[in-house]
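# Descriptive analysis of the structure
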Amino acid sequence: MAATQTGLHHRSYASELRIWTSRAQWIRLGLLTVLLLALPWVLDNYWLSIVNTALIAVVGAIGLNILVGYTGQISLGQGGFLAVGAYTSVILADRAGLPVPLSIASAVIVTAVVGTFFGLPGLRLKGLYLAIATLASQQIILFIVRRWGWLTEGRGFVDVSRLEFLGFRIQRETFEQQWYWILLIIAILAVLVAVNLFRSGLGRSFMAVRDQDIAAAAIGVNVARAKLTAFAVSSGFVGLAGALTAHYTEVISWERFTLDVSILYLAMIIVGGLGSVAGSVYGAVFITFLPVVVRGFAEFAGGFAPFLQAQLPAFQNAVFGLVIIVFLIIEPRGLNHIWTRIKDYFGYWPFRY
Amino acid sequence: MSTAVNLLIFGLADGAILALAALGFVLIYKATAVINFAQGEFLLVGAYTFYTCFVIFQLPITVGILVGVVVAVLLGIVVERLILRPMIGQSHISIIMVTIGLSGLLNAIVQMFFGTGVRAQPAVLPSPPVSILGATIPGNRLLAILIAAIVLTVLTIFFQKSKHGIAMRSVADDEQAAMTVGISVRRVYAMSWALAAVSALIAGILLADITAVDLHIASFGLMVFPVVILGGLDSVPGTIIGGLTIGIVTQLVSGYLDPGLAEVIPYIILVLILLIRPYGIFGEKRIERV
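Residues numbered from 1 in each chain as written. Chains lettered and ligands numbered in written order. Predicted model: local features only at pLDDT ≥ 70, side-chain atom pairs only at ≥ 80, totals over all residues. Heavy atoms only, no water.

### Overview of unusual backbone geometry
Residue and element names in this part refer to chain B. With phi around 55°, A33 is a residue other than glycine that occupies positive phi space. Within the secondary structure, A33 is located in the loop between α1 (2-32) and α2 (39-56). Even without being glycine, Q58 reaches a positive phi, approximately 55°. One can find Q58 in the loop between α2 and α3 (61-84). With relative accessibility at 63%, the residue Q58 sits in the exposed group. (Helix = DSSP H or I, 4+ residues; strand = E, 2+ residues; numbered from the N terminus. Buried < 20%, exposed > 50% of the residue type's maximum accessible area, 1.4 Å probe, protein only.)

### Quick look at the pattern of salt bridges
When charged atoms on two side chains of opposite charge get close, those side chains can pair. As enumerated under the stated definition, the model contains six salt bridges over all chains in all. Among the ionic pairs, B:D258 bridges to A:R147, the shortest N-O distance being 2.9 Å. Taken together, the positions of B:D258 in the loop between α10 (236-256) and α11 (259-276) and A:R147 in helix α7 (residues 127-147) put the pair across two chains. (Salt bridge = Lys/Arg side-chain N within 4 Å of Asp/Glu carboxyl O.)

### As for the environment of A:Q311
Mapped onto the elements of the fold, A:Q311 is located in the loop between α15 (306-310) and α16 (312-330). Separated by 13 residues in sequence, A:Q311 and A:A298 place their C-alpha atoms 9.2 Å apart. Setting aside residues up to four positions removed in sequence, A:Q311 forms contacts with B:Q111 and B:M112. (Contact = heavy atoms within 4.5 Å.)

### Side note on the packing of helix α13 (residues 259-272) of chain A against helix α14 (residues 277-301) of chain A
Residue and element names in this part refer to chain A. At a minimum axis separation of 7 Å, α13 and α14 run at an interaxial angle of 125°. Taken together, the axis directions place α13 and α14 in an arrangement best described as oblique. Read as a crossing pair, α13 and α14 show a hand that is right-handed. Within the contact between the two elements, α13 uses L264, A267, M268, V271 and G272 and α14 uses G279, G283, A284, F286, I287 and T288. When its residues are assigned to classes, the contact of α13 with α14 shows seven nonpolar, four polar and no charged. (Axes fitted to C-alpha atoms, helices over the stretch in contact; angles between N-to-C directions. Parallel < 35°, antiparallel > 145°, perpendicular 65-115°, else oblique. Left-handed = near helix turned anticlockwise from the far one by under 90°. Nonpolar A, V, L, I, M, F, W, Y, C, P; charged D, E, K, R; others polar.)

### A look at the UniProt feature "transmembrane region" (unreviewed entry) in chain B
Feature annotation in UniProt assigns "transmembrane region" (unreviewed entry) to the following positions: residues 6-29, 65-83, 95-114, 142-159, 188-207, 213-233, 240-258 and 264-282 of chain B. End C-alpha to end C-alpha, residues 264-282 of chain B measures 23 Å, and it is 68% helix and 0% strand. (UniProt positions renumbered as here; feature names shortened; annotations may be inferred.)

### Digging into the confidence of the model for chain B
On average, residues of chain B score 85 in pLDDT, and 97% of them reach the 70 mark or higher. When mean pLDDT is taken per element in chain B, α3(B) scores highest with 91 and strand β1 (residues 129-132) of chain B scores lowest with 74. (pLDDT = per-residue confidence, 0-100.)

### With respect to the interface of chain A and chain B
Much of the literature gives interface size as the accessible area that the parts lose upon coming together. The partner chain B presents 42 residues to the 43 residues of chain A that form the contact. Buried surface at the junction of chain A and chain B, summed over both partners, amounts to about 4,000 Å²; 78% is from carbon and sulfur atoms. Contact with chain B buries surface across chain A, with A:R124, A:L128 and A:Y129 losing the most and accounting together for 19% of the total. In this assembly, chain A and chain B are joined by two salt bridges. The interface formed by chain A and chain B holds two residue pairs in polar contact (both at pLDDT 80 or more) in total. When residues of the side of chain A that touches chain B are traced back to their parent elements, those giving at least two are α6 (121-124), α7, α13 and α16 of chain A. When residues in the side of chain A that touches chain B are grouped by element, the largest group, 13 residues, is from α7(A). (Buried area = accessible area lost by both parts, 1.4 Å probe. Polar contact = N/O pair within 3.5 Å; in protein donor to acceptor, adjacent residues only side chain to side chain.)

### A look at the pairing of strand β2 (residues 135-138) of chain B
Residue and element names in this part refer to chain B. Every second residue of β2 is oriented toward a common face, the buried set being A135 and I137 and the non-buried set T136 and P138. In this structure, β1 lies alongside β2, joined through four bridges in antiparallel fashion. Paired with V130 across the strands is I137, a residue of β2. Joining the antiparallel neighbours β1 and β2 is a turn of two residues, in which L133 adopts a positive phi near 50°. (Pairing = 2+ DSSP bridges.)

### A closer look at the packing of helix α3 (residues 45-70) of chain A against α13(A)
Residues and elements named next belong to chain A. Relative to each other, α3 and α13 sit at 75°, their axes nearing to 9 Å. The angle between the axes of α3 and α13 places the two elements in the roughly perpendicular class. Contact with α3, carried on its side by I56, A57, G60, A61, L64, N65 and V68, involves Y265, L266, M268 and I269 of α13 and no other residues of that element. Each residue belonging to the contact of α3 with α13 can be placed in one class, and the counts come to nine nonpolar, two polar and no charged.

### Remarks on the packing of aromatic side chains
Residues and elements named next belong to chain A. Evaluated as defined, the whole model comprises 22 aromatic pairs over all chains. Residues F297 and F300 carry aromatic rings whose centres are separated by 6.5 Å and whose planes lie at 45° to one another, so their mutual orientation is tilted. Here F300 and F297 lie together in helix α14, a separation of three residues that amounts to about one turn. The class for F297 is partly exposed, based on a relative accessible area of 43%. Relative accessible area serves as the criterion here: at 62%, F300 is assigned to the exposed category. (Phe/Tyr/Trp six-rings, centres within 6.5 Å; stacked < 30°, edge-to-face > 60°.)

### Structural notes on helix α17 (residues 334-348) of chain A
Residue and element names in this part refer to chain A. Here α17 spans 22 Å end to end across 15 residues, near enough to the 21 Å set by a 1.5 Å rise per residue. Taken as a whole, α17 has its buried residues at G334, N336, H337, T340, K343 and D344. For α17, the angular spread of buried residues about the axis comes to 130°, placing them on one side. For α17, the elements touching its buried residues are α2 (23-42), α13, α14 and α16. (Expected span 1.5 Å × (residues − 1). Arc of directions from axis to C-beta.)

See below:
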């Protein structure tokens, strides 16, 4: 799963731990920075709102990938954990009057605790059984969210007040732009934390558990602790994504956190690449933009195939299902691997490898 | 008393249909070690195929069922050949995700052709009110129980006695040993998917008849998980007991406590079973422990 570039030969541990290994990476980083800085000036509000959604998805997808891709624990409970993060932050901020940064931080901690609790079956169960156990936890959390009237004060949904902290308040006219900068910074921080996590002993122990849990135990990894920490760290990211969703969309209800959302996030990391932080980012962006692109195509093709436009939601779902199947069959290592292969092709040209 | 009998019969009917759906699931798991998240969509496709024949083309019921069986067999074989076979040897996550993708695809295709609304279908099973122990029960529930019981018995006998059934059990037991004695593992794989689709077809038609023809039929597929975990993932009698138990418990909770709780009680049972006895009531104690 953890693919390394061909032709990259490390001669020391220090070199293996390096994040930046080539000048091309610095150039790409420069180009990416320019692109990210330019986006809010180039895009209109509609496209920027999709970019913002994608940035939140990046945080959530990284969280899920830590658990599924890096530690090998299947989770179908993502939607439930997003809900925990969202409701915790909103209730603390709007009803208990906590400043938003603190409420989001508390949401991260609460979700990490809840995630650890629902990770407990993971100590006894593996593979298929764990998938079914997390499916159950998803349904149970969602049931609680739906039926616990106190959460929504009996209305079924919660209005979230506009983001405001330390005298800073999101303005209506520049809503998307201001959120873009906030979400971009948080997404970058999430990427940095995740990348560095897997340079540390803790992150390496997650991967050891994924690759061979018995061998991991034999070399002194505390498997139970590694698994629970993975659940905690992963749920922390997911709780952050949930809290951000709540404050960004300014209204939350249980429909946002169904099993479909769990599947959406799993699709992101499958399409992007299991066990890869970069892959989580690619996958989150890809899956967020997919329905938009499909809608664009349906509108474009509407002239000669009005059927597509009339059946747009079904068409979008069909494409979504098909993308998952095709990726798994043709490129199970995802977009990240495709990107690695492209780089290798040009890096070693005119040789094949 | 009459409420209790009523709930019990309704639960039995639900449970019998659940057992049919779960049987297909267990078949696939036993022979190919695939967890099929698209089982609910197999029910959906079955119910809508029958609806198309019976209502849109006005064919007789028997022809409708025959067409349904043909479509189900083809669907099973095509899915196995095109989607699951390339996935052999991949990790659990990938195989689970591919069936999830399949479920999304099938659901979307049905939605494209038939929309999201409820379709009117004249009753297939006659429904005279029958009174048992002071409770009045629509006859179609009793017939549904009867039909499910017959199908389950036939399939159980098929596994125990017929050549193909024994071949399927041997592949489930040990693929390589089965291959060395000359069993075509590929054919067995294809056959288990086809049979699973057929049992889902029957479950789908029954469910559509006692509820309605709409997309909610697919959500029945998720209820399969509590059933199979309770009964044991690889046990045929287990699915029957599991199905009936879950059906009855759901109806009792819905009738006496709270219909909302009834939706989630199967999953609570699931978690408890996983914590206490992960291999279920009848399952083989081969579960991967850590």
